[in-house]
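Examination of the molecular architecture
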Amino acid sequence: MSRIDRIYRIHDIFRNASRPVPMRTFMDDLEASRNTITRDFEYLRDTLGAPIEYCRDWNGHQYAPDAPVFELPGFWMNPSELYALLACEQLLESVQPGLMTYHLAPLRQRIRKVLGEAGHDAEQLSERVRIQPVQRRDTDDRIFDPVAEATLRSDRLVIDYNSRSGNGAREREISPQRLLHYRSNWYLLAFCHQSDALRLFSLDRIRKVQATDGTAEPVSPEELDAFTSGGFGIFGGTPTATAHIRFTPHAARWVAEEQWHPDQTSEWREGWYHLWVPYSQPTELVMDVLKFGADAEVLGPSDLREMVAGKVRAMRDIY
């Protein structure tokens, strides 16, 4: 039993006892020596501030009856919970380097100290657990920080946005609504006052951010959910069609266990896996279908099928 587990148990024994508890009770319950229990008492009293006292009349220990009710600090967690916290910190760091490094550094050091006292090696976590983003586009902190702050504070922003359409940077006044992390990249869902509609902005395409004195235009959570979750992928909006895709038995071994959309439907037909996915814009859906090569076939709608076929023909011409 680790020290953390023993501390939990000792605390429970003290809390539930109606009178001082003999040392033998602790030794038997924790299967530990007198010296080990004594050191745990010292740690509880000297480090955590537990009001432990010895009662000569009962030849046992107790929490002082006249002391304020003692509870273990809220930070006190078992090893698995502490490892989970370290993993979360590593995940945040991989999602946006430097995002929480300054704020979490003291907490990380304390977690490692507690794990060390419990006989666990916190250093192994970085070697045994790795978060590896794929095709990540770096976002400058000078863009990410003010955008994140404005989103949390519901402040309006003026941004210079260089869309991938190639028309150059354009100034937009926006009301930030949500930050989205999707496929290793950051996006801002915001109400664009020039378009008078919700728009999705890739943070790596924002060239300049300027705060304003205005308050962000509120948009209901239902509208935001409908925009980001209605159709397939990051290109949201109300679905305008449903794709029917057929996968070979080989590809079906993976696809049948994946969720492409919350409202998808599927069925097996003669060993082939058929998937129906609602979508608004076909761009991302086409890319996902093409990555399966000859293991996926779009059966409908006809315009989506032709779009995929056109990409295949263009690829054939290249090769």
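We now turn to the structure provided with this report. Fair warning: this is a prediction, and the values are worked out from it, not measured in the lab.

**As for the packing of aromatic side chains**
On inspection of all chains with the given rule, the structure shows 12 aromatic pairs. Taking the centre distance of 5.6 Å and the plane angle of 40° together, the rings of F14 and F41 count as tilted. Here F14 is found in helix α1 (residues 3-16), whereas its partner F41 is found in helix α3 (residues 34-46), with 27 residues between them in sequence. An identical accessibility class is assigned to F14 and F41; each is buried. Through successive ring pairs, a cluster of aromatic residues spans F14, F26, F41, Y63 and F70. A cation over a ring is seen here: R246 above W272, with NZ or CZ 4.4 Å from the ring centre.

**A closer look at the pairing of strand β4 (residues 169-182)**
Across a regular strand the side chains alternate sides, sitting on one face of the sheet and then on the other. Relative to β4, strand β3 (residues 155-162) runs antiparallel, the two sharing six bridges. The residue bridging I159 from the neighbouring strand is R172, located in β4. Two strands pair when backbone bridges link them, and β4 and strand β5 (residues 185-192) are joined in this way by eight bridges, in the antiparallel orientation. Note that in β5 the partner of S175 across the bridge is F191. Adjacent in sequence and paired antiparallel, β4 and β5 are bridged by two residues, among which R183 carries a positive phi angle near 50°.

**Re the sheet that holds β3**
Taken in spatial order, the five strands line up as β6-β5-β4-β3-β7 in an open sheet, and their pairing is antiparallel. If you trace the sheet from one side to the other, it starts and ends with β6 (197-202) and β7 (206-215), each paired once. On average, adjacent strands in this sheet sit at an angle of 45° to one another, irrespective of strand direction. As paired strands, β3 and β7 are joined by six bridges and run antiparallel to one another. In the strand pairing of β7, Y161 is matched with I206. Lying over the sheet, helix α8 (residues 221-229) contacts β4, β5 and β6, oriented at roughly 90° with respect to β4.

**Looking at the packing of α1 against α3**
Taken N-terminus to C-terminus, the directions of α1 and α3 make an angle of 80°; their axes are 10 Å apart at the nearest point. On the basis of their axis angle, the class for α1 and α3 is roughly perpendicular. Residues R3, R6, I7, I10 and F14 of α1 touch α3, and the partners they reach there are T36, R39, D40, F41, Y43 and L44. Its residues placed into classes, the contact of α1 with α3 shows six nonpolar, one polar and four charged.

**So, unusual backbone geometry**
In the segment running from G300 into P301, the intervening peptide bond is cis, with an omega of -5°. If you trace the backbone, P301 turns up in the loop between β11 (296-300) and α11 (302-318). Even without being glycine, D196 reaches a positive phi, approximately 55°. On the basis of relative accessible area, D196 is assigned to the exposed category, the value being 58%.

**With respect to the pattern of salt bridges**
Applying the stated criterion to the full structure yields 20 salt bridges. In this structure, R246 engages E297 in a salt bridge whose closest nitrogen and oxygen atoms are separated by 2.6 Å. Of this pair, R246 sits in strand β8 (residues 241-247) while E297 sits in strand β11, placing them 51 residues apart in sequence. With relative accessibility at 25%, the residue R246 sits in the partly exposed group.

What counts, and where the lines are drawn
Residues numbered from 1 in each chain as written. Predicted model: local features only at pLDDT ≥ 70, side-chain atom pairs only at ≥ 80, totals over all residues. Heavy atoms only, no water. Phe/Tyr/Trp six-rings, centres within 6.5 Å; stacked < 30°, edge-to-face > 60°. Helix = DSSP H or I, 4+ residues; strand = E, 2+ residues; numbered from the N terminus. Buried < 20%, exposed > 50% of the residue type's maximum accessible area, 1.4 Å probe, protein only. Lys NZ or Arg CZ within 6 Å of the ring centre and 35° of its normal. Pairing = 2+ DSSP bridges. Axes fitted to C-alpha atoms, helices over the stretch in contact; angles between N-to-C directions. Contact = heavy atoms within 4.5 Å. Parallel < 35°, antiparallel > 145°, perpendicular 65-115°, else oblique. Nonpolar A, V, L, I, M, F, W, Y, C, P; charged D, E, K, R; others polar. Salt bridge = Lys/Arg side-chain N within 4 Å of Asp/Glu carboxyl O.

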